[in-house]
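# Analysis of the macromolecular model
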There are 2 protein chains.
Amino acid sequence: MAKKVGNFTVALERPVVFRGGGAIVGKMEKQGPLGDYFDHVVQDDLWGEKSWEKAESKMYYEAVRHAVKDAGLMAEEIDLLAGGDLLNQLISAGFAARETEFPFLGLYGACSTMAESLIIGSMAIEAGFAHHVACCVTSHFSTAERQFRTPLELGTQKTPTAQRTVTGAGASVLSVSGQGPRITGCTIGKVLDYGIKDAANMGAAMAPAAADTIYRHLSDTGRDPGYYDAIVTGDLGIFGQQLMLEQLREKGMDLRDVAWDCGIEIFSQDQDPHMGGSGCGCSATVLNAYLLRRLREGDLNRILFVATGALLSPLSTLQGESIPSIAHGVVIERGDG
Amino acid sequence: MAKKVGNFTVALERPVVFRGGGAIVGKMEKQGPLGDYFDHVVQDDLWGEKSWEKAESKMYYEAVRHAVKDAGLMAEEIDLLAGGDLLNQLISAGFAARETEFPFLGLYGACSTMAESLIIGSMAIEAGFAHHVACCVTSHFSTAERQFRTPLELGTQKTPTAQRTVTGAGASVLSVSGQGPRITGCTIGKVLDYGIKDAANMGAAMAPAAADTIYRHLSDTGRDPGYYDAIVTGDLGIFGQQLMLEQLREKGMDLRDVAWDCGIEIFSQDQDPHMGGSGCGCSATVLNAYLLRRLREGDLNRILFVATGALLSPLSTLQGESIPSIAHGVVIERGDG
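Small disclaimer: the values here were computed from a predicted structure and weren't measured.

Before going further, it helps to examine the environment of Glu49 of chain A. Tracing the backbone shows Glu49 of chain A in the loop between strand E3 (40–42) and helix H2 (52–70). Residue Glu49 of chain A is classed as partly exposed on the basis of its relative accessible area of 29%.

In structure tokens:
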């Protein structure tokens, strides 16, 4: 059972364990600073499929398969698959789930979905609904561009605050027991909207949600930012991270020494990703390949993983709406193995 | 804590209580056989907003507000809002959540989302993450037609197996204790696909998922269909229900005496809904307005609520894909109040 800590945070009295993981990425992600950490690289956007969407769904499936194998489990032992993607009606996740025998819960939190799936996976285990839960999300540069922005064939110039959607799928297998990094707390985010209307400036739209969730988490737990070796946001990018740091400074919290962002880590500026990586595959692959590895190796002891999502649609933008955002926080500790 | 029963079902040892509910529907739904049960009717598709999508989001918000009030709770007492809708990137739910202070988890299970939200709400309560959870989903005829089918202005003729998307939002407040109908078990569905490619025949696409979830539920629990006063599917419609009954008969289960379908109940054939109602608002409003009322009044003792979803997108159909489907089962018992 989890225990409420403050108004918005829960502490897991029996932590949930990361028993296995998998991360598949595209070529550009492989060439980035974290390239060596990923399990598999997809050399082209189609990966032998007839459409980018089918390739994205295949990445989802293969990431789950890798994570289950990595966990040393048989497919029959997985009680639940929870997750999603960015595509309309979650076709990547839904079609991948069809290829499995796992009970499935589809989730949508835009780029926050990895954290959402870890929270729901933790709930399922703590509630006794499941012993082993596979949590997986994916995104794909080419499917996201054509769905959310412009056809790639147009070669549209990006604006300076734009980010590049990560091609990648990250999966974790959470278990009721075992060795390894563990989830010891969660803070579920609220939807916030500071009125940003520029869909090419997602970092700015998401910064308030990240700042709010981090603020509420630290207030609820009475912890200083330095309690964590790193407070890792999902994909704020360079500009969004600056805004978040400023918003937290105004509330009296200085995160400069511990703020990391998966969107900043995954690409180098030489690769011209503008403000950095984005997409739910960004935080999912960086978590599963890099952060959990560093926790396993004892190089990091405790992190707060805060994936952030912008809850817009192309239609809401056309209808003049601003961009609501959300961020969920998950406390991950090194554990014993 | 929940206890595993068989491979796919859990029994809640401390049942989760339906403490309050709300159901808002459109004019045609109000004119149907269940019209008197709904809490509020929206007389036109825009409900004073500038777009159908904004009206749908308003229905979501108002259904949640009604349910929280009906539960006798203050907004501050709600620990979590879980749910979604059919629109790309869940803009109805996400934008409605922005107007609240509730931590939010966005879910997508097409028309199965009401059952998915009840399962996740139950998990959250059983796991100690929340005392009170608002679960809400919505759909809207006009937004669904233009997103999934053809612009309304074309006046396209429907095919005989088509269904009509319900304009409606249904919300439940689940609580850790209290009087009233209660959730005592859950069966999470798997994604199944029998190769149906006709997006105007969703009932046929969803029938195998419904049959599978019901079959696994009854096998896991060792119950006969007659254990339930009603086994209520979401929106199979007339043709889909027939297919489901046949599939179960082939497996040796006769559900004819207990099979209900929200899509069949919500409209009369005089209203020309073809095979019946559909959309996640269909099962959500029928559950919250009608089924829970009959459980409260002691007219029904036990039901198995099995919302069904078709996990296609317009793009997956254009790419030649068949239609994967899912169904989740929730056991609801009368309780003591």
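All right, on to the interface of chain B and chain A then. Each partner contributes residues to the interface: chain B has 63 residues there, and chain A has 62 residues. Here chain B packs against chain A, burying approximately 5,100 Å² in sum over the two surfaces, 64% of which is carbon and sulfur. Between chain B and chain A we count ten salt bridges in total. The tally of links between chain B and chain A comes to 26 residue pairs in polar contact (both at pLDDT 80 or more). Per-element accounting of the side of chain B that touches chain A gives the leading share, seven residues, to helix H4 (residues 113–126) of chain B. A per-class count over the side of chain B that touches chain A returns 35 nonpolar, 15 polar and 13 charged.

The next thing to look at is the packing of aromatic side chains. By the definition in use, this model includes four aromatic pairs over all chains. Between Tyr227 of chain A and Tyr228 of chain A, the ring centres sit 5.0 Å apart and the planes meet at 85°, which makes this aromatic pair edge-to-face. The buried category is assigned to Tyr228 of chain A, whose relative accessible area is 1%. Both rings, one in Tyr37 of chain B and one in Tyr290 of chain B, keep their centres 4.8 Å apart while their planes meet at 75°; by these two values the pair is edge-to-face. Here the residue Tyr37 of chain B occupies a position in the loop between helix H1 (27–30) and strand E3 (40–42), and Tyr290 of chain B occupies one in helix H9 (residues 280–296), the gap between them amounting to 253 residues. For Tyr290 of chain B, a relative accessible area of 9% gives the class buried. When the ring centre of Phe8 of chain A is taken as reference, the NZ or CZ atom of Arg216 of chain A above it lies at 4.3 Å. For Lys251 of chain B, the ring lying beneath its charged end belongs to Tyr215 of chain B, and the centroid distance is 4.4 Å.

This next bit is on helix H7 (residues 237–250) of chain A. Residue and element names in this part refer to chain A. Between its first and last C-alpha, H7 extends 20 Å over 14 residues, near the 20 Å set by a 1.5 Å rise per residue. Every buried residue of H7 is listed here: Gly237, Gly240, Gln241, Met244, Leu245, Gln247 and Leu248. What you see down the axis of H7 is that its buried residues fit within an arc of 165°, all on one side.

This brings us to the relation of the copies chain B and chain A. When chain B is fitted to chain A, the best match, at an RMSD of 0.0 Å, comes from turning it 180° and sliding it 0.0 Å along the axis. Such a turn and shift between the copies fits a two-fold axis. Of the residues that chain B buries at the interface, 98% are likewise interface residues in chain A, meaning the two copies contact each other through the same surface.

Time to look at the pairing of strand E14 (residues 325–333) of chain A. Residue and element names in this part refer to chain A. Counting buried positions along E14 yields eight of nine residues, so the element is predominantly enclosed. Bridging between strand E9 (residues 182–187) and E14 involves five bridges; their strand directions are antiparallel. Bridged to Ile183 within E14 is Ile332.

Now for the packing of helix H6 (residues 202–221) of chain A against H7 of chain A. Residue and element names in this part refer to chain A. At a closest axis distance of 8 Å, the pairing of H6 and H7 adopts a crossing angle of 40°. With respect to H7, the element H6 is oriented oblique. Crossing angle aside, the handedness with which H6 passes H7 is right-handed. Listed contacts from H7 to Gly203, Ala204, Ala207, Pro208, Ala210, Ala211, Ile214 and Tyr215 of H6 are Phe239, Gly240, Leu243, Met244, Gln247 and Leu248. Residue composition of the contact of H6 with H7, grouped by class: eleven nonpolar, three polar and no charged.

What follows concerns the state of the cysteines. Working definition of a disulfide: a covalent bond connecting the sulfur atoms of two cysteines. In this structure the tally under the stated criterion is zero disulfides over all chains. Between Cys135 of chain A, a cysteine without a disulfide, and Cys136 of chain A, which holds the nearest cysteine sulfur, the sulfur-to-sulfur distance is 8.9 Å. Here Cys135 of chain A falls in the buried class, since its relative accessible area comes to 0%. Not part of a disulfide, Cys262 of chain B finds its nearest cysteine sulfur in Cys282 of chain B, a span of 5.5 Å.

Every α-helical turn comprises 3.6 residues, leaving residues that sit three or four positions apart pointing alike. Between its first and last C-alpha atoms H4 of chain B spans 19 Å; for 14 residues at 1.5 Å apiece the expected length is 20 Å, and the two agree. Counting buried residues in H4 of chain B gives 14 out of 14 residues, a clear majority hidden from the surface.

This part takes up the pairing of strand E8 (residues 168–175) of chain A. All names here are of chain A. Counting buried residues in E8 gives eight out of eight residues, a clear majority hidden from the surface. Here E8 shows a buried face lined by Gly168, Gly170, Ser172 and Leu174 and a second buried face lined by Ala169, Ala171, Val173 and Ser175. In this structure, strand E2 (residues 9–26) lies alongside E8, joined through eight bridges in antiparallel fashion. For Val25, the partnering residue across the bridge sits in E8 and is Gly168. Relative to E8, strand E6 (residues 132–139) is paired through eight bridges, and the arrangement is antiparallel. Note on E8: the bridge partner recorded for Cys136 is Ala171.

Turning our eyes to something else, we now look at the pattern of salt bridges. The full count for this structure, using the stated rule, is 30 salt bridges over all chains. A salt bridge links Lys54 of chain A to Glu321 of chain B; the nearest nitrogen and oxygen atoms lie 3.3 Å apart. Taken together, the residues span two chains, with Lys54 of chain A in helix H2 and Glu321 of chain B in the loop between helix H10 (314–318) and strand E14 (325–333). Residue Glu321 of chain A is joined to Arg98 of chain B by a salt bridge in which the shortest nitrogen-to-oxygen separation is 3.2 Å.

Below, the discussion takes up the confidence of the model for chain A. Considering every residue of chain A, the mean pLDDT works out to 97; 100% of them sit at 70 or more. Scored as a whole, the predicted complex attains pTM 0.98, and scored at its interfaces, ipTM 0.98.

This part covers the side chain of Asp261 of chain A. Residues and elements named next belong to chain A. Along the polypeptide, Asp261 turns up in strand E11 (residues 259–261). In this structure, Asp261 is buried with no salt-bridge partner, the nearest side chain bearing the opposite charge being Arg149 at 14 Å. At 3.0 Å, the side chain of Asp261 forms a polar contact with the backbone nitrogen of Gly237. Each residue touching Asp261, except ones within four places of it in the same chain, is listed here: Thr233, Gly234, Asp235, Leu236, Gly237 and Gln241.

Criteria and cut-off values
- Residues numbered from 1 in each chain as written.
- Chains lettered and ligands numbered in written order.
- Predicted model: local features only at pLDDT ≥ 70, side-chain atom pairs only at ≥ 80, totals over all residues.
- Heavy atoms only, no water.
- Helix = DSSP H or I, 4+ residues; strand = E, 2+ residues; numbered from the N terminus.
- Buried < 20%, exposed > 50% of the residue type's maximum accessible area, 1.4 Å probe, protein only.
- Contact = heavy atoms within 4.5 Å.
- Buried area = accessible area lost by both parts, 1.4 Å probe.
- Salt bridge = Lys/Arg side-chain N within 4 Å of Asp/Glu carboxyl O.
- Polar contact = N/O pair within 3.5 Å; in protein donor to acceptor, adjacent residues only side chain to side chain.
- Nonpolar A, V, L, I, M, F, W, Y, C, P; charged D, E, K, R; others polar.
- Phe/Tyr/Trp six-rings, centres within 6.5 Å; stacked < 30°, edge-to-face > 60°.
- Lys NZ or Arg CZ within 6 Å of the ring centre and 35° of its normal.
- Expected span 1.5 Å × (residues − 1).
- Arc of directions from axis to C-beta.
- Least-squares fit on C-alpha atoms with pLDDT ≥ 70 in both.
- Pairing = 2+ DSSP bridges.
- Axes fitted to C-alpha atoms, helices over the stretch in contact; angles between N-to-C directions.
- Parallel < 35°, antiparallel > 145°, perpendicular 65-115°, else oblique.
- Left-handed = near helix turned anticlockwise from the far one by under 90°.
- Disulfide = S-S within 2.5 Å.
- pLDDT = per-residue confidence, 0-100.
- Lys, Arg positive; Asp, Glu negative; His and termini not counted.

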